[in-house]
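# Report on the structure
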Amino acid sequence: MADLFQELKDKLHNANISIVLPEGTDERIIAAALKLQEEGIIKPIIIGSAKKLPANLTVIDPETYEEIDDLVQAFVERRKGKATEEEARKLLKGVNYFGTMLVYTNRADGLVSGAAHTTAETVRPALQIIKTKPGISKTSGAFIMVKDELRYVFADCAITIAPTSEDLAEIAVESAKTAAAFGIKPKVAMLSFSSKGSAQSEETEKVVKATELAKKLAPNVAIEGELQFDASIVPAIAAKKAPGAVVQGDANVFVFPSLEAGNIGYKIAERLGGFEAIGPILQGLNAPVNDLSRGCSAEDVYKLAYITAAQVLN
Ligand SMILES: CC(C)(COP(=O)(O)OP(=O)(O)OC[C@H]1O[C@@H](n2cnc3c(N)ncnc32)[C@H](O)[C@@H]1OP(=O)(O)O)[C@@H](O)C(=O)NCCC(=O)NCCS
Ligand SMILES: CC(=O)OP(=O)(O)O
């Protein structure tokens, strides 16, 4: 992954991209911001109290922000009929709503939060304000999983609790795009507890249908399902369980059938398998807003800031 981050740094060198880090009270966020500031490639903007933060950082304090009325008006306009001015003013006291409005109003290019907030608290402002791109029905959360030379994409590990076949197909296509954007030629496995009809149930049928839909949505991408994890990653097992499949134990994008499977699966790969987990990267939004795990390190924050900045250019 060293190469990926070097590539991103080269690409972003003169791009002048600013990333909001709303959690200015978290030490990991401050450490990552200082490292970004020192490097001078991405401009971090911290939300918090300037008095309590290092003087060389750009800090915006919602309590004293001179342009708060503009943000409130823009929020009320965006949430037409769903928030009064009074409610908007109250919501914008929250650092994630405030930071998301900085992105929505083009005062910043992207946002990374979630070190000190749950995923729901982090992403809800983005779902309500930034919203998904035309043609995308739902956002989803992908991780880039890295160990030595190995790079995989896991999704959805963050957002949709009980995806339908249509959701899974969209997640597959968006995850293939995420893989391609970060230098991985996608080979997608639609995961299940069954390989090519070895078990039959509502759950396996959901993945079979999702695979058909995903293939129609992205006919040029190698997508295979339904597959068990071993049949997707071990060529000899693929030859036995899924002979003739377009993915022969060489999958690198893994679409999990539910959030339970995806979230548990990525944490097992991270905590027992020794993979670095970068994300969750939110896919399909109009502007990049990315979540962190509350278990993240300062290095994870720093890296996700680079991924977020790269999404601005994609
Ligand atoms: C993502 C999540 C917070 C959304 O829940 P919610 O805020 O209750 O969602 P709601 O149904 O009230 O919708 C709120 C808004 O977000 C939108 N929305 C909800 N899910 C969305 C999705 N996946 N993609 C895009 N927009 C979405 C809704 O359309 C709605 O927009 P509107 O207010 O403009 O009409 C919820 O699905 C969740 O908690 N997921 C699990 C998160 C988690 O804990 N993951 C594990 C750790 S990473
Ligand atoms: C991505 C994720 O699981 O986030 P958290 O660990 O904060 O719940």
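Attention in this report is confined to the structure presented alongside it. (Residues numbered from 1 in each chain as written. Chains lettered and ligands numbered in written order. Predicted model: local features only at pLDDT ≥ 70, side-chain atom pairs only at ≥ 80, totals over all residues. Heavy atoms only, no water.)

### Notes on the site of ligand 1
Inclusion rule: Nearness is judged by heavy atoms alone; a residue qualifies as near a molecule or strand once a single heavy atom is within 4 Å of it. What qualifies as a polar contact is a pair of N or O atoms within 3.5 Å, subject to a donor-acceptor requirement within protein and to the restriction that residues adjacent in sequence count only when both atoms come from side chains. Computed with a 1.4 Å probe, the accessible areas rest on the Shrake-Rupley method; for each residue, only the protein chains presented here act as cover. Only DSSP runs of H or I with at least four residues qualify as helices, and only runs of E with at least two residues qualify as strands; both kinds are numbered from the N terminus onward. The nonpolar class holds Ala, Val, Leu, Ile, Met, Phe, Trp, Tyr, Cys and Pro. Asp, Glu, Lys and Arg form the charged class, and all remaining residues, Gly among them, are polar.
As a structural note, the neighbourhood of ligand 1 is formed by 18 residues, with Arg-79, Lys-82, Arg-124, Thr-139 and Ala-158 the closest of them. The side chain of Lys-82 places a nitrogen or oxygen atom 2.8 Å from an oxygen atom of ligand 1. Here ligand 1 loses 62% of its free accessible area of 940 Å² to cover by the protein chains. Elements with a contribution of two residues or more to the shell around ligand 1: helix H6 (119-130) and helix H11 (259-271). Per element, the largest residue contribution to the shell around ligand 1 is five residues, and it comes from H6. Partitioning the shell around ligand 1 into residue classes produces eight nonpolar, five polar and five charged.

### Focus: the sheet that holds strand E8 (residues 222-227)
Filter applied, for reference: Strands pair, by our definition, only if DSSP identifies at least two bridges between them. Fitted lines through C-alpha atoms serve as axes, helices being fitted only where they are in contact, and the angles separating the N-to-C directions of these axes extend from 0 to 180 degrees. Residue contacts follow a heavy-atom distance rule, with two residues in contact if any of their heavy atoms lie within 4.5 Å.
Spatially, six strands are ordered E8-E7-E9-E6-E5-E10 in an open sheet, and the strand pairing comes out mixed. Each having just a single partner strand, E8 and strand E10 (276-283) make up the two edges of the open sheet. Each neighbouring strand pair of the sheet contributes to a mean axis angle of 20°, computed without reference to strand direction. Bridge count between strand E7 (residues 187-191) and E8: five bridges; the pairing is parallel. What sits directly across from Lys-187, in E8, is Ala-222. Relative to the sheet, helix H8 (residues 202-217) contacts E7 and E8, its axis offset from that of E8 by approximately 175°.

### Quick word on helix H7 (residues 165-181)
Along an α-helix, residues three or four apart share an orientation, since each turn contains 3.6 residues. Our working definition: Every helix has an expected span of 1.5 Å times one less than the residues it contains. The rule is simple: take the accessible area with a 1.4 Å probe, protein chains only, and divide by the maximum for that residue type; under 20% is buried, over 50% is exposed, in between is partly exposed.
A rise of 1.5 Å per residue sets the reference length of H7, with its 17 residues, at 24 Å; its end C-alpha atoms lie 24 Å apart and thus fit the reference within 8%. With respect to burial, H7 is a largely interior element, 13 of its 17 residues being buried.

### Examining empty space enclosed by the protein
Here is the rule: Lining residues are those with an atom within 4 Å of a point, where the points come from a 1 Å grid over the protein atoms alone and group into cavities, where a 1.4 Å probe fits but cannot get out, or pockets, open sets with protein on both sides within 12 Å along at least five of seven lines. Grid points are joined across faces, edges and corners, and a volume is the space filled by probe spheres set on the points.
If you walk through the whole model with that rule in mind, you get one cavity of 30 Å³ or more. Of the volumes computed, that of the largest cavity is approximately 80 Å³. Among the elements of the structure, H11, E10 and helix H12 (298-313) are those that each provide at least two residues to the lining of the largest cavity. Tallied by class, the residues present in the lining of the largest cavity amount to seven nonpolar, three polar and three charged.

### With respect to the side chain of Ser-113
Secondary-structure assignment places Ser-113 in strand E4 (residues 110-113). Exposure remark for Ser-113: the relative accessible area of 0% places this residue in the buried category. Only 3.4 Å separates the side chain of Ser-113 from the side chain of Glu-23, close enough to count as a polar contact. Not counting residues within four places of it along the chain, the set of residues in contact with Ser-113 comprises Pro-22, Glu-23, Asn-96, Thr-122, Asn-290, Asp-291 and Leu-292.

### Let's talk about the pairing of strand E2 (residues 42-47)
Keep this limit in mind: We call a crossover right-handed when, viewed with both strands directed away from the observer, the connection leading from the first strand over the helix to the second proceeds clockwise.
Taken across its six residues, E2 has five buried, putting it largely inside the fold. In this sheet, E2 lies alongside strand E1 (residues 17-21) in parallel orientation, the contact comprising five bridges. Bridge assignment links Ile-17 to a residue of E2, and that residue is Ile-42. Since E1 and E2 lie parallel, the crossover through helix H2 (residues 27-39) that links them has a hand, and here it is right-handed. Sheet topology places E2 next to strand E3 (residues 58-60); three bridges connect them, and they run parallel. Directly across from Ile-46, in E3, lies its bridge partner Val-59.

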